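So you can see what is in the structure, the chains are spelled out below.
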Amino acid sequence: MNSKINPMGRAILDYYKKGKADRLRVFSPMFEEDEIPLRTLFRIYETMPKIERKALDMATGKTLDVGAGSGCHSLVLQEKGIDVTAIDISPLSVETMKQRGVKDVREQDFFTIEGQQYDTILMLMNGIGIVGTLERMPDFFRHLDNILAPGGQVLCDSSDISYVFETEDGSIEYPDTDGYYGEVCYQMQYKDTIGEPFPWLYIDADTLRERAARNGYAVEVVAEGEHYDYLARITKRICIV
C-alpha cells in the first residue's frame, strides 16, 4: 500500500466520486472507537456550523486554508472572490479539491511553507490540532512570524475537552499523565488503509491565550459553539516603544 495514500484522503475521494463511502474509523487510546461522517466534509455554507460560517465571513485578503480536506471552505471563499490557497498533506484530498474546482491547491505541510505571507490563515474543524502538543506551540508562533502578513489574522477553532473527564458528581478527573489533557493520539482506518498514529491538540481558550501571549500574540474568542468549541482570532501584538 502506498504510504502517501492516507485513510482520510482515500475516503474523501471515494465519497466525491461515488456519493457514498465506507466508514472512516478513528481510534484513540483515550476514547472509544469513533467515525467521521464523510458528508460533513462536503458541506455548503448554509449547512456549516456557525463557527465555520463566522470564520469564512471574517476572512479577508490573501488567505491560506490549512488542512483543506475536500475544499469546502476554499470553495466558499472562491465564490466570494477571495484569493485563497488550499493546502493538505493528502495527495488524494488534493486531487479531489482540484476536481471540485479549487483553483490554487497544494500538497504541503503547513510547517514547510516558505516565502509566502497571508492576510488570513484558516485552521477550521479543530484545525489548530495539527500543532500536536503544547510543547510545539512556540514553533507554531515562530512560523506565524514568517508567514502571517503585517496586520494579518489566524482564524482557528478548537474545543475544551475537559468535559470528557467529568465524573457523575460534576468534578473533573483528568487522565493520569504528565501531558496536557487536550493532547490526544489518533489513528484512522478506511477499508484496508490504516494510517500512522498522529498527535492532535485540543486547546482550551485560556491556555491558548496564555501560550499566545508568551510568544507575542493576542487571542480573541469571536464565537462559541454548542459543544465546548470556540472560534479564536489570533493576531500579532503591536509593540509600542
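Refer to the structure presented above.
Enquirer: Could you clarify how one ought to interpret the overall build of the protein in this entry?
Expert: Scanning the protein from terminus to terminus reveals six helices and 12 strands. For 241 residues, the compact-globule estimate of 2.2 N^0.38 gives 18 Å, and the protein sits close to it at 18 Å. Overall, the protein is about 55 × 50 × 35 Å in size when its C-alpha atoms are taken along their principal axes. Within the protein, buried positions represent 47% of all 241 residues. When the accessible surface of the protein is totalled, it reaches about 12600 Å², and 47% of it is carbon and sulfur. Of the side-chain charges in the protein, 27 are positive and 40 negative, and the distance between the mean point of each set is 8 Å.

Enquirer: Got a minute to help me understand the packing of aromatic side chains in this structure?
Expert: How two aromatic rings sit relative to each other is set out by the distance from centre to centre and by the angle between their planes. Summed over the entire model, instances satisfying the criterion amount to 10 aromatic pairs. Relative to Phe 140, the ring of Phe 110 has its centre 6.0 Å away and its plane inclined at 40°; by these criteria the two rings are tilted. Taken together, the residues span a long stretch of sequence, with Phe 110 in the loop between β5 (105-107) and β6 (118-123) and Phe 140 in helix α5 (residues 137-147) at a distance of 30 residues. Ring centres of Tyr 180 and Tyr 181 lie 4.6 Å apart, and the angle between their planes is 45°; on these two criteria the pair is classed as tilted. Tyr 181 carries the same exposure label as Tyr 180, and that label is buried. Among the aromatic residues, those joined into a ring-pair cluster are Phe 110, Phe 111, Phe 140, Phe 141 and Tyr 217.

Enquirer: Looking at this structure, how should I read the environment of Asn 6?
Expert: One can find Asn 6 in the segment before α1 (7-18). Look at Asn 6 and you get partly exposed, because its relative accessible area is 22%. As a C-alpha pair, Asn 6 and Met 188 span 182 residues in sequence and 8.5 Å in three-dimensional space. Setting aside residues up to four positions removed in sequence, Asn 6 forms contacts with Ser 90 and Thr 193. Separated by 2.7 Å, the side chain of Asn 6 and the backbone nitrogen of Gly 9 make a polar contact.

Enquirer: Honestly, the pattern of salt bridges in this entry has me stumped. Any pointers?
Expert: Once their charged atoms are close, side chains differing in charge can pair, the charge on each being opposite to the other. Applying the stated rule across the entire model yields 14 salt bridges. The partner of Lys 80 in a salt bridge is Asp 57, with the nearest N and O atoms 3.9 Å apart. Taken as a pair, Lys 80 in the loop between α3 (72-79) and β4 (84-88) and Asp 57 in helix α2 (residues 50-58) lie far apart in primary sequence, 23 residues in all. Here Arg 142 and Asp 139 are joined by a salt bridge, their closest N and O atoms 2.3 Å apart.

Rules and cut-offs
- Residues numbered from 1 in each chain as written.
- Predicted model: local features only at pLDDT ≥ 70, side-chain atom pairs only at ≥ 80, totals over all residues.
- Heavy atoms only, no water.
- Helix = DSSP H or I, 4+ residues; strand = E, 2+ residues; numbered from the N terminus.
- Rg over C-alpha atoms; globule rule 2.2 N^0.38 Å.
- Buried < 20%, exposed > 50% of the residue type's maximum accessible area, 1.4 Å probe, protein only.
- Areas by Shrake-Rupley, 256 points an atom, 1.4 Å probe, with all protein chains shown as cover.
- Lys, Arg positive; Asp, Glu negative; His and termini not counted.
- Charge placed at Lys NZ, Arg CZ, Asp CG, Glu CD.
- Phe/Tyr/Trp six-rings, centres within 6.5 Å; stacked < 30°, edge-to-face > 60°.
- Contact = heavy atoms within 4.5 Å.
- Polar contact = N/O pair within 3.5 Å; in protein donor to acceptor, adjacent residues only side chain to side chain.
- Salt bridge = Lys/Arg side-chain N within 4 Å of Asp/Glu carboxyl O.

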